[in-house]
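Report on the structure
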Amino acid sequence: MQGIRTVSCLSGLRDQFSRLCLAHPNLTRAKGKNLLNYPKLRNPYWFVRKERVKHDDLISRENTQFVQEVLHDKYGVPSLLKGITGYPNAACGAVNAEDLPKVEWNPTLRRTGVIARKIGQYPLWMKNGRKVRTTLLQIVDNHVIKYIPPEEYKPAQKPNMKDLSKWGCLLVGAESVDPTLLTKEYCGLFKDSGVMPKSRLARFIVSPEAQLHPGTPLNVTHFRVGDYVDVRGKTVNRGFQGVMKRWGFSGQPASHGQTKTHRRPGNIGGGGEKGRVWPGKKMPGHMGNRWRVMRGVRILRINTKYNVMWVQGSSICGETNTFVYVFDTLLPLRRYTEAPAFPTHFESADEELPEDIWHESVHNFTEPTITYEPE
């Protein structure tokens, strides 16, 4: 009897432990609701708070005006710069290419990327009459914030790379913002760089030979027409969707005895010995709001006046006016064969660039379409 009681106790403990499970943070159910939570931005513990608390600080109107005057004296009055509202003195001090060590480019070196804003889609026509769809990306007030050498770059979230000890990191910021709207801790990130606080930050893994000094501007001339780039962005958040919209299922018949199964997936598992749902089964769930990378899209046109480039394709991730990250492609057959602007293109006062630069295969509508030759 003692042995039977021990076996029953062990089986009871085994049943209790089998019911314990660890839920994924993105799949936990909301309190009081029978729906799954949306994926939220969960920053690591070492992130600093960005925005201030929205409450009255008991600052008088005269003090507010004085703070704005100090801000304008240091960074200038907000104005339109290449189509973007910014500050003329966002970066203090001039950065020259002569200050950097001379490095000969080779295909194994990696340059920095830029932060762009997706501003819409536009068609272009090739010289053979074919119409292509393109996406417009505007590089919004990019400056280098900080360079971290390989011996000091110890990220908390390690990227998927074999050997991280030989790569450095460049911190790039985009879109200058009023520092009075930010916290003291977040503004401290830009204290030693001489750059005005930015609303968007991104880290790019670069070669040590491609380092840049803080305050270096990054414009659309960082790339050339005809280059292949990778664009990383977050897909549109569609929420909870069924299998027809999420996976493209055709659904079931609309008649002949079908009842409330027109948009259902049908059978989801086999019977018999393998009577279970296999992992990876396409089922209803949350759609979108995930980071994706478009590899090897080509630049067909560049506008140097407004820092806009036309990249081929209409499937760039994200909604209009969202930020994306643009960098040199990692596809082996579409990498650079000739030296690009390394480590970046430095604009000079004597250099005059055309406003629009077109690819040789794209038709320029400012040129005549019909020409007559003498017989």
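Let me sum up the structure you'll find in this document. From a predicted model like this one, the values you see are computed outputs, not experimental measurements. (Residues numbered from 1 in each chain as written. Predicted model: local features only at pLDDT ≥ 70, side-chain atom pairs only at ≥ 80, totals over all residues. Heavy atoms only, no water.)

**Some thoughts on the overall build of the chain**
This is how it is decided: A run of DSSP states H or I qualifies as a helix once it reaches four residues; a run of E qualifies as a strand once it reaches two. Both are numbered from the N-terminal end. Only protein chains enter the accessibility calculation, which uses a 1.4 Å probe; a residue whose area is less than 20% of its type maximum is buried, one above 50% is exposed, and one in between is partly exposed. Note on contacts: a residue pair is in contact if any heavy atoms of the two residues lie within 4.5 Å. Here the open area of atoms and residues is found with the Shrake-Rupley method and a 1.4 Å probe, where only the protein chains shown may cover a residue.
A count of helical and extended segments in the chain gives four helices and 15 strands. Taking all 375 residues of the chain together, the buried fraction comes to 34%. For the chain, the share of sequence-separated contacts (at least 6 apart) that also reach a separation of at least 24 residues comes to 74%. Accessible surface computed for the chain: about 25200 Å², of which carbon and sulfur atoms make up 53%.

**Thoughts on the sheet that holds strand β8 (residues 217-218)**
In plain terms, the rule: A strand pair is defined by DSSP finding two or more bridges across the two strands.
One open sheet holds the four strands; their spatial order is β7-β6-β5-β8, and the pairing between them is antiparallel. Among the strands making up the open sheet, the edge pair consists of β7 (198-206) and β8.

**Details of the environment of His143**
This is how it is decided: Definition of a polar contact: a pair of N or O atoms within 3.5 Å, with one able to donate and the other able to accept a hydrogen when the atoms are protein atoms, and with sequence-neighbouring residues admitted only if both atoms are side-chain atoms.
Relative to the helices and strands, His143 is located in strand β5 (residues 142-148). Classification of His143 by relative accessible area gives buried; the value is 10%. Placed 55 residues apart in sequence, His143 and Lys198 show a C-alpha to C-alpha distance of 8.9 Å. In this view, His143 contacts Ala90, Ala91, Leu171, Val172, Gly173, Val195, Lys198, Gly215, Thr216 and Pro217; residues no more than four positions away in its chain are not counted. A polar contact is formed between the side chain of His143 and the side chain of Lys198, at a distance of 3.0 Å.

**Overview of the nonpolar core**
Where a protein is soluble and globular, its nonpolar side chains tend to be buried together. As a reminder of what qualifies: Buried Ala, Val, Leu, Ile, Met, Phe, Trp, Tyr and Cys residues form a nonpolar core when they are joined through side-chain atoms within 4.5 Å.
Grouped together as the largest cluster of nonpolar side chains are 39 residues, with contacts concentrated most on Leu137, Phe223, Val231, Met309 and Val326. Looking at this core element by element, the count peaks at five residues for strand β14 (residues 323-328). Ranked by size, the runner-up nonpolar core spans nine residues in total, among them Leu124, Met126, Leu136 and Val308.

**Observations concerning a nonpolar patch on the surface**
The test is simple: Patch definition: residues with relative accessible area over 30% and no salt bridge; like charges joined within 9 Å; nonpolar side chains (Val, Leu, Ile, Met, Phe, Trp, Tyr) joined within 5 Å. The salt bridge criterion pairs a side-chain nitrogen of Lys or Arg with a carboxyl oxygen of Asp or Glu, the two atoms within 4 Å.
Nonpolar side chains collect at one region of the surface, where Phe66, Val67 and Val70 lie side by side and expose about 270 Å² of accessible area between them. Topologically, Phe66 is positioned in helix α2 (residues 61-75). Among the residues examined, Phe66 registers a relative accessible area of 53% and is labelled exposed.

**A short note on the packing of aromatic side chains**
Stated formally: Any pair of Phe, Tyr and Trp rings, taking the six-membered ring for Trp, is counted once the centres come within 6.5 Å. Such a pair is stacked with planes under 30 degrees apart, edge-to-face with planes over 60 apart, and tilted for the rest.
Summed over the entire model, instances satisfying the criterion amount to four aromatic pairs. A centroid spacing of 5.9 Å and a plane angle of 90 degrees characterise the contact between Trp125 and Phe365, whose relative ring orientation is edge-to-face. Note that Trp125 is positioned in strand β3 (residues 114-125) and Phe365 in the segment after β15 (356-358), a separation of 240 residues in sequence. When its relative accessible area of 54% is taken as the criterion, Phe365 is described as exposed.

**Overview of the pattern of salt bridges**
Between side chains of opposite charge, a pair can form as their charged atoms come close. For the structure shown, the criterion picks out six salt bridges. As a salt-bridge pair, Asp230 and Arg295 come within 2.8 Å of each other at their nearest N and O atoms. On the criterion of sequence distance, the pair formed by Asp230 in strand β9 (residues 228-234) and Arg295 in strand β12 (residues 291-303) is long-range, its members being 65 residues apart. Asp230 sits in the buried class, given a relative accessible area of 0%. Overall, the relative accessible area of 39% leaves Arg295 in the partly exposed class. The salt bridge partner of Arg301 is Asp356, with a shortest N-O separation of 3.3 Å.

Taken by themselves, the reported measurements are silent on function.
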